[in-house]
Amino acid sequence: MSLKVYNSLSRQKEIFTPINAPYVGMYVCGPTVSGESHLGHARPFITFDVIYRYLMYLGYKVRYVRNITDAGHFEEEGREAEDKISKKAVLEKLEPMELVQKYTNLYHWAMSRFNNLPPSIEPTATGHIVEQIEMIKKIIEDGYAYEANGSVYFDVAKYNTDFSKVGKPYGMLSGRNLEDQLDTTRELDNQDEKRDKNDFALWKSAPPEHIMRWNSPWGEGFPGWHIECSAMSSKYLGEEFDIHGGGMDLQFPHHECEIAQSTVCNHKTPARYWLHNNMITIQGKKMGKSYNNVIKLTELFSGDSPILEQPYSPMTIRFFILQSHYRGTLDFSNEALQASEKALKRLWDSYEWYSKQTIDATTTATDNALDEKVKKLLAEFDEFMDDDFSTAKVLANMFDLSSVINSIKDKHIVADAISGPTATLLQKQLKTYLEDVFGLVGERVADNGQLDGVLQLLINIRKDAKGRKDFMTSDKIRNELAALGVQLKDEKDGGTSYSVN
RNA sequence: GGUCCGGUGGCCGAGUGGCUAGGCAGAGCUCUGCAAAAGCUUCCACAGCGGUUCGAAUCCGCUCUGGACCUCCA
């Protein structure tokens, strides 16, 4: 069995073969830290975190590089190109790097709440100005870029003509051809600087009021957006690496431009497998600033937004994302997230209970059919993940297993219905997949022992009351605890358990 | 206008031609002092119209319809 991934470059699933196994290089486009991350941003970072984790589960040694864009991400539409970062900084009266730090911290906080593993390297654009300038110089030397008024532009037409001959036309990733692009002419203000509207900036001359600026052979300025990813990915992963990931909306022009830049410099398509996650939508529309429908992560966790009926925990969101396939759109709604919240609780409760059970590894199955079924459901975990990371299918199997576990718990099924080895495997695989591969963690309120002591006291008082058939008292304890967010459950064995919201 | 991707039950979503995921919600039953939880059972689908096939949600065509990208975008 081998891993298959959908490669945007070929538009089909391909067997994943690392260039230099067991090492795998993976680059994922990170955030622009000029503002707060929203739910849409969470998807690629959770998706590629799970991919990272699964690759390691398969035994690969992965170098995972995810950048931070802290400069150079300018807007071209306005009268003059403005760096997004410095523009926002003036508005908030912060030093540019102060702003960058603020949103970087917030982003890291959100990533850790999602239990995303930190990447191996998290390079910043401002930390790699030199590498970017070197790359631009090389592109100019090779004749695929030109200078104009202190800015440098990539010559797309020349690139397309020359590299079409070797089967690498501009547009090969997003499946568009230059002729179609030429048809949709739009007048831009600094059109006159460019020889062609398809040309994109490698370096922009900084106007006097621009705060973020660096010296370059072409005067003071700042780098274009696309060049940072090319410079940093080749620096840390080599001229050719295995996986390049990001959101589908980056496919064009960002990733297309990356391919063009790197191909000129290194004569190689930088990455072999291009993986793109689809968008999160609200009522069918992409979540994004232009639609004014974003839900920031801080709002999501606190519930502080008119769109939200309640707060949603990081694990609920993680689970929500894992319930769909990463290449499909995923529609946000309160109903959908509430369903995820309940589903995750059910799954996690049965997992936690079962992981505490002591298994006698020597027993044989008294119900062979069930034993086989459990083994099959477990074996399919790998099979489904190997098929382009079908997390949704793995979760479906987990719910089937959850039913088996709950039946054992409620004694509808005897514990030795499945064999000792199968039970051990069940414990092990659930833990491996839920915690190590899917990166889910329990979200219980931290308890220092005091709370537990108090609750056990109340549970005992209630038990006494129940014994006297004093249901007034027992219900009062249960109802008032419920109002405080503590749920009591009378278990089949006569004991009482609780859960804290 | 160009390029591309979808339309699955009340909601979110898997679905590689035949074995008709899964979750949430709804209904019934079991258990329970009552709950909750859990278990069992059950209801509700493949946008429409043709075609291919013994058989189609799945392949082909057309129609309707939603969306993404082409500009910053995860």
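The rules behind each value
Residues numbered from 1 in each chain as written. Chains lettered and ligands numbered in written order. Predicted model: local features only at pLDDT ≥ 70, side-chain atom pairs only at ≥ 80, totals over all residues. Heavy atoms only, no water. 1 Å grid on protein atoms, 1.4 Å probe; cavity = no way out; pocket = protein on both sides within 12 Å on 5 of 7 lines; lining within 4 Å. Points joined across faces, edges and corners; volume = space filled by probe spheres on them. Helix = DSSP H or I, 4+ residues; strand = E, 2+ residues; numbered from the N terminus. Buried < 20%, exposed > 50% of the residue type's maximum accessible area, 1.4 Å probe, protein only. Domains from an automatic or database assignment. Contact = heavy atoms within 4.5 Å. Buried area = accessible area lost by both parts, 1.4 Å probe. Salt bridge = Lys/Arg side-chain N within 4 Å of Asp/Glu carboxyl O. Nonpolar A, V, L, I, M, F, W, Y, C, P; charged D, E, K, R; others polar. Pairing = 2+ DSSP bridges. Axes fitted to C-alpha atoms, helices over the stretch in contact; angles between N-to-C directions. Parallel < 35°, antiparallel > 145°, perpendicular 65-115°, else oblique. Left-handed = near helix turned anticlockwise from the far one by under 90°. Polar contact = N/O pair within 3.5 Å; in protein donor to acceptor, adjacent residues only side chain to side chain.

**As for empty space enclosed by the protein**
Under the defined criterion, the tally for this structure stands at three cavities of 30 Å³ or more. In this model, the largest cavity occupies a volume close to 80 Å³. Lining the largest cavity are Thr47, Val50, Ile51, Ile321, Leu322, Ser324, His325, Tyr326, Phe389 and Thr391. Sorting the residues of the lining of the largest cavity by element identifies helix H1 (39-57) and helix H10 (314-322) as the ones contributing at least two each. Sort the elements by how many residues they give to the lining of the largest cavity and H1 lands first, with three residues.

**Quick look at helix H8 (residues 251-266)**
By the criterion of burial, H8 is predominantly enclosed, with 14 of the 16 residues buried. Positive backbone phi, approximately 60°, marks His267, located one or two places after H8.

**Points about the domain arrangement of chain A**
When cut into domains, chain A gives domain 1 (4-277), domain 2 (282-437) and domain 3 (450-500). The C-alpha centroid of domain 2 is placed 34 Å from the C-alpha centroid of domain 1. In this assembly, 33 residues from domain 1 lie in contact with 37 residues from domain 2. Together domain 1 and domain 2 conceal approximately 3,200 Å² of surface at their shared face, both sides included; 65% is due to carbon and sulfur atoms. If you sort the residues of domain 1 by the area they bury against domain 2, Leu39, Arg43 and Tyr54 come out on top, with a joint share of 23%. Remark: the boundary between domain 1 and domain 2 carries three salt bridges. As a salt-bridge pair, Arg318 and Asp49 come within 2.7 Å of each other at their nearest N and O atoms. When residues of the side of domain 1 that touches domain 2 are traced back to their parent elements, those giving at least two are strand S1 (4-7), H1, helix H3 (96-113) and strand S12 (271-277). Of the residues forming the side of domain 1 that touches domain 2, the biggest block, 12 residues, is contributed by H1. Here the residues of the side of domain 1 that touches domain 2 sort into 16 nonpolar, eight polar and nine charged.

**Remarks on the sheet that holds strand S14 (residues 285-286)**
On the basis of which strands lie adjacent, the open sheet formed by three strands has the order S14-S13-S15 and mixed pairing. For this open sheet the edge positions go to S14 and strand S15 (330-332), each flanked by a neighbour on one side alone. When strand S13 (residues 280-282) meets S15, the two strands line up parallel, connected through three bridges. By the bridge assignment, Ile282 is partnered in S15 with Phe332.

**With respect to the environment of Tyr326**
Inspection of the secondary structure assignment puts Tyr326 in the loop between H10 and S15. The exposure class of Tyr326 is buried, given its relative accessible area of 5%. Spatially, the C-alpha atoms of Tyr326 and Ala145 are 36 Å apart, while their sequence positions differ by 181 residues. In this structure Tyr326 touches Tyr6, Arg43, Thr47, Leu275, His276, Asn277, Asn278, Asp388 and Phe389, once residues within four positions along its chain are discounted.

**As for the pairing of strand S2 (residues 12-15)**
Bridge count for S1 against S2 is four bridges, and the pairing is antiparallel. Opposite Tyr6, over in S2, you have Lys13 as the bridge partner. Once S1 ends, the chain turns through four residues before running back antiparallel as S2, passing Arg11 with a positive phi of about 60°.

**Digging into the packing of helix H11 (residues 334-355) against helix H13 (residues 391-409)**
Close contact between H11 and H13 brings their axes to 9 Å; oriented N to C, the two are set at 55°. Judged by the inter-axis angle, H11 sits oblique to H13. As H11 packs across H13, the resulting crossing turns out to be left-handed. Facing Ala343, Arg346, Leu347, Ser350, Trp353 and Tyr354 of H11, the residues of H13 in contact are Leu395, Met398, Phe399, Ser402, Ser403, Ile405, Asn406, Ile408 and Lys409. Its residues placed into classes, the contact of H11 with H13 shows nine nonpolar, four polar and two charged.

**Side note on the side chain of Arg318**
Inspection of the secondary structure puts Arg318 in helix H10. Within the local environment of Arg318, its side chain forms a polar contact with the backbone oxygen of Phe438, the two atoms lying 2.6 Å apart.

**Here's the deal with unusual backbone geometry**
The omega angle of the peptide bond from Ala21 to Pro22 is 5°, so this bond is cis rather than trans. With an omega dihedral of 0°, the bond running from Phe252 to Pro253 counts as a cis peptide bond. Mapped onto the elements of the fold, Pro253 is located in helix H8. For Arg11, which is not glycine, the phi dihedral falls at a positive 60°. Within the secondary structure layout, Arg11 lies in the loop between S1 and S2. At Gln283, a position not held by glycine, the phi torsion is positive, near 50°. Tracing the backbone through its elements, the reader meets Gln283 in the loop between S13 and S14. For Gln283, a relative accessible area of 74% gives the class exposed.

**A few points about the sheet that holds strand S8 (residues 151-154)**
With respect to topology, four strands assemble into an open sheet ordered S7-S8-S9-S10, the strand pairing being antiparallel. With partners counted over all chains shown, the strands left at the sheet margins are strand S7 (145-148) and strand S10 (221-223), one partner each. Direction aside, the axes of adjacent strands within the sheet are offset by 20° on average. When S7 meets S8, the two strands line up antiparallel, connected through four bridges.

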